[in-house]
Amino acid sequence: MSVTSAITSRIERLGRRIPRRLGTSVPNQPITWSARRLNELASTLPAASTYLEIGVQHGTTLEQVQVPFKCGVDPYPRFRTRSLPQGYRFYHGTSDEFFEGLTPNVRFDLVFLDGLHTWTQTYRDLLNAARHSHELSAVLIDDVLPIDEFSALPSEEKALRRRHATGRITWEWHGDVYKTLVAVERFHPELDFQVIEDSEGNSQAVVWWRSRKTQITSASDAQLTEVDSLNYSEVFRNGEVPTYFNSATEAQVLSRVETILRDRASLATQ
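Each residue is numbered by its place in its chain's sequence as written, counting from 1. This being a predicted model, a pLDDT of at least 70 is required before a residue's local features are given, and a value of 80 or more before pairs of side-chain atoms are given or counted; all residues contribute to the totals for chains, interfaces and linings. Excluded from the side-chain calculations are hydrogens and water; all other atoms, namely the structure's heavy atoms, are used.

### Remarks on the sheet that holds strand β3 (residues 69–73)
Heads up, the rule is: For two strands to be treated as a pair, DSSP must find at least two bridges joining them. What counts as a helix is a DSSP run of H or I of at least four residues, what counts as a strand is a run of E of at least two, and both are numbered from the N terminus. For helices, the fitted line uses only the C-alpha atoms of the stretch in contact; every axis is such a line through C-alpha atoms, and the angle between N-to-C directions lies from 0 to 180 degrees. Every residue pair with non-hydrogen atoms within 4.5 Å of one another is taken to be in contact.
Judged by pairing direction, the sheet is mixed, and its seven strands sit side by side in the order β5-β3-β2-β6-β7-β9-β8 without closing on themselves. Lying at the two open borders of the sheet, with one neighbouring strand each, are β5 (88–91) and β8 (191–196). Direction aside, the axes of adjacent strands within the sheet are offset by 15° on average. Sheet topology places strand β2 (residues 50–54) next to strand β6 (residues 110–113); four bridges connect them, and they run parallel. Paired with E53 across the two strands is F112, which belongs to β6. The sheet contacts of helix α7 (residues 178–187) involve β7 (138–142), β8 and β9 (204–209), and relative to β8 the element is tilted by about 145°.

### A look at the nonpolar core
Counted only if it meets this: What makes a nonpolar core is a set of buried Ala, Val, Leu, Ile, Met, Phe, Trp, Tyr and Cys residues whose side-chain atoms join them at distances within 4.5 Å. In this scheme, a residue with accessible area under 20% of its type's maximum is buried, one over 50% is exposed, and one in between is partly exposed, where area comes from a 1.4 Å probe on protein chains only.
Counting residues in each nonpolar core, the largest one holds 42 residues, and the members touching the most others are L52, F98, L126, I141, V144 and F245. Those residues in contact with V144 that sit more than four places away from it in its chain are V177, Y178, L181, V195, S203, Q204, A205, F236 and F245. In terms of nonpolar packing, the next biggest core, distinct from the first, is built from 27 residues, A42, L45, F90 and I196 among them.

### Some thoughts on the side chain of H174
The following threshold applies: By the criterion applied in these results, polar contacts are pairs of N or O atoms within 3.5 Å in which, for protein atoms, one can donate a hydrogen and the other can accept it, and in which residues neighboring in sequence qualify only through two side-chain atoms.
Relative to the helices and strands, H174 resides in the loop between α6 (156–165) and α7. Side-chain polar atoms of H174 contact the side chain of S151, separated by 2.5 Å.

### Some remarks on the packing of aromatic side chains
The following threshold applies: Within 6.5 Å between ring centres, the rings of Phe, Tyr and Trp (the latter by its six-membered ring) count as paired, and their orientation is classed by plane angle as stacked under 30 degrees, edge-to-face over 60, tilted in between.
Here the structure, examined in full by the defined rule, presents nine aromatic pairs. When the ring of F79 is compared with that of F90, the centres are 5.3 Å apart and the planes differ by 75°; the resulting orientation is edge-to-face. A residue pair is termed long-range when its members are at least 10 positions apart, and F79 in strand β4 (residues 79–80) and F90 in strand β5 qualify at eleven residues. A single burial state applies to F79 and to F90, both of which are buried. Taken together, the ring pairs in this structure connect Y178, F193, Y232, F236, Y244 and F245 into an aromatic cluster.

### Describing the side chain of R163
Looking at the element boundaries, R163 is found in helix α6. One polar contact links R163 to D148, side chain to side chain, over a distance of 3.0 Å. Not counting residues within four places of it along the chain, the set of residues in contact with R163 comprises I147, D148, F150, S151, R168, T170, W171 and E172.

### Notes on helix α2 (residues 33–44)
We apply this condition: Residue count minus one, scaled by 1.5 Å, sets the expected span of a helix.
The first and last C-alpha atoms of α2 sit 17 Å apart over twelve residues, in line with the 16 Å expected at 1.5 Å per residue. All of the buried residues in α2 are S34, A35, R37, L38, N39, L41, A42 and T44.

### Some details on the layout of surface pockets
Defined as follows: Think of a 1 Å grid over just the protein atoms. A cavity is a set of points where a 1.4 Å probe fits yet cannot get out, a pocket is an open set with protein on both sides within 12 Å along at least five of seven lines, and lining residues have an atom within 4 Å of a point. Grid points are joined across faces, edges and corners, and a volume is the space filled by probe spheres set on the points. Each residue is assigned to one of three groups, with Ala, Val, Leu, Ile, Met, Phe, Trp, Tyr, Cys and Pro labelled nonpolar, Asp, Glu, Lys and Arg labelled charged, and all others, Gly among them, labelled polar.
Its boundaries defined by the atoms lining it, the largest pocket holds a volume of some 790 Å³. Lining the largest pocket are 30 residues, with G55, V56, Q57, D74 and D114 positioned closest to its centre. Elements that contribute at least two residues to the lining of the largest pocket include exactly α2, β2, α3 (60–64), α4 (95–100) and α5 (119–131). The residue makeup of the lining of the largest pocket, split by class, is eight nonpolar, 15 polar and seven charged.

### Focus: unusual backbone geometry
A positive phi is found at N238, a non-glycine position, where the angle reads about 55°. Counting through the fold element by element, N238 comes out in the loop between α9 (232–235) and α10 (250–268). One non-glycine residue with positive phi stands out, namely N246, at about 50°. Mapped onto the elements of the fold, N246 is located in the loop between α9 and α10. A relative accessible area of 32% places N246 in the partly exposed class.

### Things to note about the confidence of the model for the chain
Definition in use: On a range of 0 to 100, pLDDT expresses the predictor's confidence in each residue.
Here the chain averages 88 in pLDDT, while 91% of its residues score no lower than 70. Contacts of residues 1–16 to residues separated by more than four positions or lying in other chains number two contacts, the stretch itself having pLDDT below 50.

### Examining the environment of L160
Positionally, L160 belongs in helix α6. Spatially, the C-alpha atom of L160 lies 24 Å from that of D74, the residues being 86 residues apart in sequence.

As structure tokens, this is what we get:
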């Protein structure tokens with residue numbers, strides 16, 4: 001390799017390490033599954049203007065969601081967090097810290113939970129997001145359908161090591177986020193949800209208020225322990241999605257949520 005080529009290669013490698021600025025174009029960047037679904041939800045919500053994303057990473061989905069005011073939260077962002085475009089806010093820290101410092105009257109129309117792949121954190125994030133939402137809000141939760149017992153482990157390292165030990169060299173990992181839905185079904189009648197079942201592995205859940213007449217509170221320690229003790233085979237018997245997950249196609253789930261929230265908005269104006 002010539003000196004010029006070596007320098008060029010070095011610059012290119014360093015360039016890839018420099019976090020990009022949000023709002024700058026990425027050539028041939030396709031819209032993410034999550035952004036497409038979030039935009040569909042935003043289009044159905046009456047005057048959706050505020051969006052919260054927990055777990056931003058590179059910021060791709062945050063950029064692609066078409067909502068005027070967008071707030072991202074992540075302790076380890078992979079983009080420049082200074083000089084954000086107009087309409088963006090970013091909190092550099094954990095979601096627990098973010099919600100602890102959030103003014104009680106702040107409300108979000110749309111929320112995306114894609115942080116840690118553990119159900120205990122996702123459950124806390126969901127309850128906190130619900131406290132900062134309203135009756136016409138919707139929450140999208142990522143990674144709710146693990147593909148096997150390995151994918152359902154909360155540790156990615158253990159999940160991949162144990163799967164690879166069987167001779168199956170694949171890299172799917174979802175964590176135990178699915179237990180969040182078990183907890184909602186058992187302990188939160190004020191919330192409703194439905195799972196978008198995706199054969200390509202990007203299954204997600206949409207959560208909305210069934211009734212917001214009371215303040216949402218966490219399940220008891222005993223109840224949380226009960227859910228935490230569950231394993232993949234107990235929830236997904238014979239590898240099948242539980243009926244109470246109400247799984248359906250993306251179009252079916254989003255259409256149902258649209259109908260419920262539009263009808264609710266219509267009643268509120270009467």
